[in-house]
Amino acid sequence: MKGVWFRKCLRLHDNAALAHAAAAAEADGELVVPFFVLDPHFDRSRVGINRFQFLLESLKCLDTRLRSEHRSRLLVFRGAPEAVLQRLFEGDGRFKLGSLFWERDTEPYARERDARVEALAKQAGVHTAHFSGHTLLDIDSVVAAQGFKPPISMSGVQAMVAAAGPVKEPLPVPRLPPLPADGLEVPDISELYADAPTSRCFPGGERHALARLRAVCADAGYVCGFEKPKTASTGRPGKPWEPSTTGLSPYLKFGCLSPRTAWHEVARCQRGRAHSKPPQSLHGQLLFREMFYVLGACVPNFDKQDGNRMCKEIPWGENPEMLTAWAEGRTGYPFIDALMRQLRETGWMHHLGRHAVACFLTRGDLWQSWTVGRDHFDKMLLDADWAVNNGNWLWLAGVAPFSAPYFRIYDPCPGERSSLNAEQTGEFVRHFVPELKDMPARYIYKPWTAPAAVQKSAGCVIGRDYPAPIVDHKAAREANLARFKAALEGSKSGHMPEKFGAAERDPGPMQ
Ligand code: FAD
């Protein structure tokens, strides 16, 4: 039997592992066994309910397609992958794998897991074959190539992709033999989580991924005119929860959508038309993704401050109350709170929103380490992606060689001319922060400046119905700029300043 181990790459299109398994099975007259392993490592402590639901929906979609189009199905095993695979190598009475196919995964956890499974396969005499498909390029080959230099700019990543030749065309869906088997169904979320999912904007699965891509590419004007910094951080008019960008990230994260398919569909839209260019364009966004995958694969300790050559050493503070207020959307800054509540409720946030809340947590206002923000994102985002999340947090904390200058700090109360591109009617805030639903638009991002009578008639007295700002932005900004500068100067002279004490850390609440 040829096993196809789905991990990411939850799709039938452009799936090299599946295509090779199907071809080998046809040649040998064997069965193909498509399966997924629900690994207890990814439990409630690591994965928010909305992302788990997205995963289960994606598995369900895969199972449905396999059943309806191939008379096959997806088997879902539960347990540590090594234990499950060991049983399948030895034969569990129903299935005994002679070979195993999978898509390579460059995340550290996946690399270690796969090395252990590879060793077990070798012992059992099971043939394994793995393929690149989660990125435009084969990341391991790129990193191993002679003369490889880690790309830290768009021109660097463009040169790297160009040197690899044209992005491969996606593979078609292969023909699979039927697989008669009962049991081992995709579970329902209620078996695994006590509460209920709250995200409704992104139904999981390959069908939705391809439909979303089709909808995006049906509007060639949108694709050709796409300039990321000009898209709104606050959703679409009348639908503040709807992404103004493509909303493809959860599908790319789980591999419901092949990045090569997305790349070529965008290229088809652009052909023969004037269009935007990287870094702003849609190809530019996919290239940023590629850049972080390459850095994640070649920079030791990419997810840490210590021992990470892409990270400047900064003596961040530690204030659990501030971190919780930020994570729960209770900072008293309505724009920040609306974004953080959007993340909790929907599992998604616009890129500029991520800029705003990451800057606010780190060098901008709260002076907390980028790693604690990264961890919260890692749990709550539908699209949480090890390489991309770490790379962007390094960027936003101002500590990486590819970061914008550390002294460019976002104002958490965005006005009309802010590069955060936030709408000014208050619709976004009112949707996600209902305490402020009757606050007039002119005070929506600074409700503490509303006269007492206005607060009273809006049913939202600051400090009682909605928090006062957790810090005074202006004072926090000045203090943090000085700390950052001192840390950079200290590291140049070899003397790092001590961590700042609590009193010094908190510029104090704003009245
Ligand atoms: P679009 O603008 O439509 O872009 C299309 C695709 O390009 C995205 O789906 C994504 O796969 C890729 N892409 C876009 N922007 C970036 C970027 N800056 N870096 C790498 N790839 C990009 N994105 C994730 O997919 N997973 C994460 O865990 C993640 N964490 C982030 C953390 C922070 C602090 C910040 C600032 C950004 C993070 N991003 C992450 C990048 C970016 O915000 C999201 O990819 C994007 O907002 C997803 O929406 P979209 O699909 O509509 O993007």
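One can find the structure itself at the top, above this paragraph.
None of these values were measured; they are calculated from a predicted model. (Residues numbered from 1 in each chain as written. Predicted model: local features only at pLDDT ≥ 70, side-chain atom pairs only at ≥ 80, totals over all residues. Heavy atoms only, no water.)

J.: Now, about the nonpolar core: what can you tell me, with residues and values included?
T.: By size, the foremost hydrophobic cluster in this structure holds 139 residues, and its most contacted members are Leu10, Leu257, Trp326, Val399 and Phe402. The greatest single-element share of this core, amounting to ten residues, is contributed by helix 11 (residues 282-298). The residues touching Leu257, leaving out its near neighbours within four places in the chain, are Arg11, His13, Ala209, Leu210, Leu213, Leu248, Tyr251, Leu252 and Ala262. (Core = buried A, V, L, I, M, F, W, Y, C linked by side-chain atoms within 4.5 Å. Buried < 20%, exposed > 50% of the residue type's maximum accessible area, 1.4 Å probe, protein only. Helix = DSSP H or I, 4+ residues; strand = E, 2+ residues; numbered from the N terminus. Contact = heavy atoms within 4.5 Å.)

J.: Which residues make up helix 10 (residues 259-270), and what values do they have?
T.: With twelve residues, helix 10 should reach 16 Å at 1.5 Å per residue; the first-to-last C-alpha distance of 16 Å fits that figure. Of all twelve residues that make up helix 10, ten are buried, and the element is covered over most of its length. Tucked into the core, helix 10 has its buried residues touching helix 7 (206-218), helix 8 (220-225), helix 9 (249-253) and helix 11. Immediately downstream of helix 10, the backbone of Gly272 shows phi near 75°, a positive value. (Expected span 1.5 Å × (residues − 1).)

J.: I'd love a proper account of empty space enclosed by the protein, names of residues and values included.
T.: Under the counting rule described, the total for this entry stands at two cavities of 30 Å³ or more. Computed from the structure, the largest cavity encloses a volume of approximately 100 Å³. If you go around the largest cavity, the residues you meet are Arg104, Asp105, Thr106, Ser132, Gly133, His134, Thr135, Leu137, Asp138, Ile139, Asp140 and Tyr293. Residues that form the lining of the largest cavity fall into these classes: three nonpolar, five polar and four charged. Each pocket or cavity is described by its volume, and for the second largest cavity that value is around 70 Å³. Lining the second largest cavity we find Val4, Trp5, Phe6, Arg7, Lys8, Cys9, Asn15, Ala17, Trp102, Glu103, Arg104 and Asp105. Only strand 1 (2-6) and strand 4 (99-103) provide two or more residues apiece to the lining of the second largest cavity. Looking at the lining of the second largest cavity element by element, the count peaks at three residues for strand 1. Across the lining of the second largest cavity, the residue classes tally to six nonpolar, one polar and five charged. (1 Å grid on protein atoms, 1.4 Å probe; cavity = no way out; pocket = protein on both sides within 12 Å on 5 of 7 lines; lining within 4 Å. Points joined across faces, edges and corners; volume = space filled by probe spheres on them. Nonpolar A, V, L, I, M, F, W, Y, C, P; charged D, E, K, R; others polar.)

J.: Pulling in residues and values, what's your account of the site of the ligand?
T.: By nearness alone, 30 residues border the ligand, and Thr245, Thr246, Gly247, His351 and Asp383 come closest of all. Contact distances for the ligand include 2.5 Å between an oxygen atom and a side-chain N or O atom of Thr246. A total of 810 Å² of accessible area belongs to the ligand in isolation, and the protein chains cover 98% of it. At a threshold of 2 Å from the grid points, most atoms of the ligand map onto the largest pocket. At the level of elements, helix 9, helix 11, helix 14 (351-364) and helix 16 (386-396) are the ones that each hand at least two residues to the shell around the ligand. Top contributing element to the shell around the ligand by residue count: helix 11, with six residues. In terms of residue class, the shell around the ligand is made up of 16 nonpolar, nine polar and five charged. (Near = heavy atom within 4 Å. Polar contact = N/O pair within 3.5 Å; in protein donor to acceptor, adjacent residues only side chain to side chain. Areas by Shrake-Rupley, 256 points an atom, 1.4 Å probe, with all protein chains shown as cover. Sits in = over half its atoms within 2 Å of the grid points.)

J.: Break down the packing of aromatic side chains for me, with residues and values.
T.: One pass over the structure, following the stated rule, counts 26 aromatic pairs. Ring plane angle 75° and centroid distance 5.7 Å describe the contact between Phe288 and Trp395, whose orientation is recorded as edge-to-face. Here Phe288, found in helix 11, pairs with Trp395, found in helix 16; they are 107 residues apart in sequence, far enough to count as distant. One exposure class covers both Phe288 and Trp395, and it is buried. (Phe/Tyr/Trp six-rings, centres within 6.5 Å; stacked < 30°, edge-to-face > 60°.)

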